[in-house]
Amino acid sequence: MRRFALCAALALVVSLPAAQAQTVVDAKALGDQTQGRNWLAYGRNFHEQRFSPLTQINTESVKQLGLEWNMPLPRDHSLLGTPLAVDGVLYFSGSWSVTRAVDAKTGKLLWEYAPKSIEHAGERLRVMWDSNRGLAYWKGTLVICTIDGRLIALDAKTGKPRWSTQTTDTSKALYVSGHPKVFRGLVLIGNGGTEFGAARGYVSAYHITSGKLAWRWYVVPGNPADGFEDASMEMAAKTWTGEWWKFGGGGNVWNGITYDPEFNQILLGTGNGSPWNRKVRSPGGGDNLFLCSIVALDADTGKYKWHYQTVPGETWDYNSSMDIVLADLELKGKKTKALLHAPKNGFFYVLDRSNGKLLSAEKFAQVNWATGIDMKTGRPIEREGARYEDGEELIYPGPLGAHSWHAMSYSPKTGLVYIPKQEVPAVFNDKSVKMVDWRSPYFATSMGVDMGLGHDVPKDVTNSSLIGWDPVKQAKVWEVSQPEYWNAGTMVTAGDLVFQGGVTGEFAAYHALTGAKLWSVNVGSGISAPPITYEVDGRQYVSLLVGFGGAGVSMAGGTALSQFGWAYRAQTRQLLTFALGGKTKMPDVGAPVRPKPIAPADFKVDATLATRGQELYLSHCMMCHGAGAVAGGYAPDLRASVLFAQPEAMKAVVRNGAKMPLGMPRFVDLTDGDLDALQHFVRKRAADDAKAAAAAAKK
Ligand code: CA
C-alpha cells in the first residue's frame, strides 16, 4: 500500500516542469524550519537542529534505501564536513578546503575551487592538517575558510572568488578548521590554536558583500596595561590571576557558533584555556572568563549580552565548543525558548536563551571530575583531587570529551536529542611540568600537563554509543552501544529516522523513538562526517562524505582506531548519495590496511635517545602520526615507514620538506641529533610492538 502511494507521488512530480524555484538564501530562508527541500546551513538552518521535515524516507520505506550515485575523491583525505544543498546543487568543502559544486541528482561535478591551503599553511602543517568542517551560503555567495585563517567568498554559480580576507595574524599559531556562519548580511568566524602557541581567542564578523570587518569580540582579556577592548574584557580580567596574557589565555571559538534569530544574538561556545593547566595560566586561581562558556553577543554590534560558564577555572581541555541547538521546550508547563548543549565535560545543559539562565544540567556520560551541577549557583560540584593537585588522577571524560564537534541533532517531533557520546578517560598529572618558567609552544604541542600521550591507546578500553536523550526530563531514553570512539555526527528526520556513520565504516538509520537499527550499509571506510538530506524533483536524497580523519583520530588514535585498517591513503574517499530504490553498486574503495612495524634486527635502540625522541615526538609528530607512534589513519604510521627508517631520506623529508606538496611540514629546527633521537623512539616502538605481536601469535 505504502509502496503504491510512493510510486504515485513520484509519477506526479515527474510530470512537473523540471526547473525548480530559485531560493533566495537570506535570513528568512535560513530561519524557515518548515521547508525540507534544501539544507541551507551547517546545522540545516539557524536552529542547528539537523532536523529535516522530509518523510519520503521513513521507518517503513528505509529498507528500500540504496546508493544512487557516488563521487570518488581520490585527492581528499579527512572529510569532516557538512555539505549544503541549494536548489538541486550540493556544495561541500573537502580536505584543505577544496570546494566543489555537484549536481545533487547525478553527482556530476559543476565546478571546483582549490584555495591552495598547503602553500598558505606554513608552520600550521605541523599541528592541524587538512581538516575543514564546512561552508556557508548567503544570496548566491558561498563562504569558505582555510586552515591558514582566510575567509573566501565564492560565486555559487561559477566557483570564482569574490573576495578573500585574512582573519588571523599569521605569525600566531592560530588556524581555522571550522565553518563560517552567516546571518543578516554578516559572516562570522572564530579560530583554534589553544594547544599550539600563545593563543588568545576571538571571533570576527565580516560584511558578506565586501569582506570588510564589521566587529570583533575577544573571548579572554589581554594585558590590562594595554587597556581593555570593551567592558566585558574588564569584567573578565577580574577572574584571572598572574600574567595570563603571556600565554594567550585561550578560549578559542573553533566550532560552536549559533545565530539565534528570535533574540538577534550570536551564541558562542568558547574554548579551553591556553595552556590547559590553570596552575600555569592563572596561578592564583579564578574562573577565567570567558573560557568554556556559552556567550551571547548582540548580532549587529558584537556587544556582550550574557554568559553561562560550564567549567569555571577549566584545567582539563573541557571546552564548550560543541554545537548549540535552539529548541522551544515546554518546561514545567511553560513554553521556553531554550538552548541545548552537550559539551566535552559530560553534562547536558538546558539554558533559557533569553537571559542565559541555567534551567537544568545532568550527566549524559561517565563523569568523575564533578558530582553534579549546583542549581543555586549554576556551578559544578567538583570532586576532591579532580584538579590533579596530588599527582596522577584518572579523569572521566579525558580531553577528547564525552562529546566533541561531531554534531548532535534534535527532533521537535520526538522531543529527543541524538548525541554521539564517547567515554575516553585520561590520566592527568603535572608533576613534571615546570610551573614557574613554563613557555608557550610555537606551532608545537604543549599543554602544561602530562597525559601519557607518548603511549599507545589500546583497543577496548573506551566506550561509546549513540544516545536518544530527553532534554525536558534530562534522561536517556535509548542507547545503542558502538565500538571504540570518534563516531560521526547525527541527523534526524520527520520520517523518524536518525542517521549516523561510524568508525567501522557502517552508515546506519535508527528508529528515532527506540534506537532500533532499521537499515545499514558498509561503505568500506571509516566515517567522520555527519549526513544531510534534501529533495530534488520530489525525490528525497541522503548524502554523506566518507573520509576517516580529524585531529582526534591522529592525536589519540593508537591501536583503538588503527585496528579498523583505515590507514593513510589506503581507501579512496567518496561523496555518497542514497535514495529509495537506488541501485548503484557500492564502490570498491580499497581493502583495510594494517601497517606492519619494521624492526631491523641490527638496529640497537639506545634507551636514553629513545626517551629524548619520545619528547620530540610528542611535541612535533604526535598531532598527525598518532599517540605512541601508532597512526590512527591521519598520516603514515612511522613504525612501518621504510622512508623513516633511512636516515638520509628521513632528513630530506622531515627537515628539508621533500614531501611538502603532500602536506608534510618541514622541521628546520630539528638537528641531526634530534632526528637520530626520533629514529630511536620510533624503532623502539616498532620493536616493542613487533615483539608483542609475535608473542600474541604464539598464544
Ligand atoms: Ca582544546
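(A) Representation of empty space enclosed by the protein in the model. On inspection of all chains with the given rule, the structure shows 4 cavities of 30 Å³ or more. One number sums up the size of the largest cavity: a volume of about 390 Å³. Forming the walls of the largest cavity are 29 residues, and the residues nearest its centre are Met128, Tyr175, Trp254, Lys344 and Ala551. A per-element tally of the lining of the largest cavity places helix H6 (residues 551-555) first, with 3 residues. Partitioning the lining of the largest cavity into residue classes produces 14 nonpolar, 11 polar and 4 charged. Its boundaries defined by the atoms lining it, the second largest cavity holds a volume of some 70 Å³. Elements represented by at least two residues in the lining of the second largest cavity include exactly strand E7 (136-138) and strand E11 (181-183). For the lining of the second largest cavity, the class distribution of residues is 10 nonpolar, 1 polar and 2 charged.

(B) Seen up close, the pairing of strand E37 (residues 532-536). With 4 of 5 residues buried, E37 is to be regarded as a mostly interior element. Two strands pair when backbone bridges link them, and E37 and strand E38 (residues 539-546) are joined in this way by 5 bridges, in the antiparallel orientation. Each bridged residue has a counterpart across the sheet, and for glutamate 535 the counterpart in E38 is glutamine 540. Between E37 and E38, which pair antiparallel and follow one another directly, the connecting turn spans 2 residues, one of which, aspartate 537, has a positive phi of 50 degrees.

(C) Structural context of the nonpolar core. Of all hydrophobic cores here, the largest spans 166 residues; its most connected members are Tyr91, Trp215, Trp217, Ile266, Trp369, Phe499 and Phe507. Aside from chain neighbours lying at most four places away, what touches isoleucine 266 is Phe183, Leu188, Trp215, Ile257, Thr258, Tyr259, Val295, Ala296, Leu297 and Ala299. Ala327, Val350, Val417 and Ile467 belong to the second largest nonpolar core, which has 18 residues in total.

(D) Structural context of the layout of surface pockets. By volume, the second largest pocket is sized at about 630 Å³. Together, 36 residues line the second largest pocket, and His625, Ala635, Pro636, Asp637 and Leu638 are the ones closest to its centre. Contributing elements (two or more residues each) for the lining of the second largest pocket: helix H9 (622-625) and helix H10 (647-655). No other element matches H10, which puts 3 residues into the lining of the second largest pocket. Considered class by class, the residues forming the lining of the second largest pocket number 26 nonpolar, 7 polar and 3 charged.

(E) Structural view of the coordination of the calcium ion. Summarising the metal site, the calcium ion is bound by the protein donors Glu195 (OE), Asn272 (OD1) and Asp317 (OD), whose distances to it range over 2.3 to 2.4 Å. Sequence spacing of the donor residues for the calcium ion, all on one chain, is E-x76-N-x44-D. Linking glutamate 195 in the loop between strand E12 (186-189) and strand E13 (202-207) with aspartate 317 in the loop between strand E20 (304-309) and strand E21 (324-331), this pair joins segments that are 122 residues apart in sequence. Here the two residues glutamate 195 and aspartate 317 agree in accessibility, since each one is buried.

(F) Main features of the pattern of salt bridges. Applying the stated criterion to the full structure yields 38 salt bridges. The partner of arginine 100 in a salt bridge is aspartate 76, and the shortest N-O contact between them spans 2.8 Å. Of this pair, arginine 100 sits in strand E5 (residues 99-103) while aspartate 76 is found in the loop between strand E2 (65-73) and strand E3 (84-86), placing the two residues 24 residues apart along the sequence. Since its relative accessible area comes to 5%, aspartate 76 is described here as buried. Among the salt bridges present, the one from lysine 246 reaches glutamate 243, with a minimum N-O distance of 2.9 Å.

(G) Spatial organisation of the environment of valine 98. Topologically, valine 98 is positioned in the loop between strand E4 (89-93) and E5. You can call valine 98 buried: its relative accessible area is 15%. Aside from chain neighbours lying at most four places away, what touches valine 98 is Phe92, Ser93, Glu112, Tyr113, Ala114 and Pro115.

(H) Molecular detail of H10. Those residues of H10 lying buried are Met650, Val653, Val654 and Arg655. In an axial view of H10, the angular spread of the buried residues amounts to 160 degrees, which keeps them on one side of the axis. The inward-facing, buried residues of H10 abut helix H11 (672-698). Two residues or fewer after H10 comes glycine 657, characterised by a positive phi angle close to 75 degrees.

(I) View of the packing of aromatic side chains. Applying the stated criterion across every chain, the model contains 32 aromatic pairs. Between tryptophan 129 and tyrosine 634, the aromatic rings sit 5.7 Å apart at their centres with planes inclined by 65 degrees, giving edge-to-face as the arrangement. Highlighted residues: tryptophan 129 in the loop between helix H3 (117-121) and E7 and tyrosine 634 in the loop between H9 and H10, separated in sequence by 505 residues. The pair formed by tryptophan 129 and tyrosine 634 is uniform in burial state, with each residue classed as buried. Each ring, one from phenylalanine 290 and one from tyrosine 304, has its centre 5.3 Å from the other, and the planes form 35 degrees; the classification is tilted. You can see phenylalanine 290 sitting in the loop between helix H5 (278-281) and strand E19 (293-298) and its partner tyrosine 304 sitting in strand E20, a full 14 residues away along the chain. You can call phenylalanine 290 buried: its relative accessible area is 0%. In this structure tyrosine 304 comes out as partly exposed when scored by relative accessible area, which is 24%. Put simply, the rings of Tyr308, Trp316, Tyr318, Phe347, Tyr349 and Trp369 touch in pairs and so form one group of aromatic residues. In this structure, arginine 50 is placed above the aromatic ring of tyrosine 42, and the distance from its NZ or CZ to the ring centre is 4.5 Å. Note that arginine 200 overlies the ring of tyrosine 218, its terminal NZ or CZ placed 3.9 Å from the centroid.

Procedures and definitions
- Residues numbered from 1 in each chain as written.
- Predicted model: local features only at pLDDT ≥ 70, side-chain atom pairs only at ≥ 80, totals over all residues.
- Heavy atoms only, no water.
- 1 Å grid on protein atoms, 1.4 Å probe; cavity = no way out; pocket = protein on both sides within 12 Å on 5 of 7 lines; lining within 4 Å.
- Points joined across faces, edges and corners; volume = space filled by probe spheres on them.
- Helix = DSSP H or I, 4+ residues; strand = E, 2+ residues; numbered from the N terminus.
- Nonpolar A, V, L, I, M, F, W, Y, C, P; charged D, E, K, R; others polar.
- Buried < 20%, exposed > 50% of the residue type's maximum accessible area, 1.4 Å probe, protein only.
- Pairing = 2+ DSSP bridges.
- Core = buried A, V, L, I, M, F, W, Y, C linked by side-chain atoms within 4.5 Å.
- Contact = heavy atoms within 4.5 Å.
- Donors = N, O, S within 2.8 Å, 3.2 Å for Na, K, Ca; no water.
- Salt bridge = Lys/Arg side-chain N within 4 Å of Asp/Glu carboxyl O.
- Arc of directions from axis to C-beta.
- Phe/Tyr/Trp six-rings, centres within 6.5 Å; stacked < 30°, edge-to-face > 60°.
- Lys NZ or Arg CZ within 6 Å of the ring centre and 35° of its normal.

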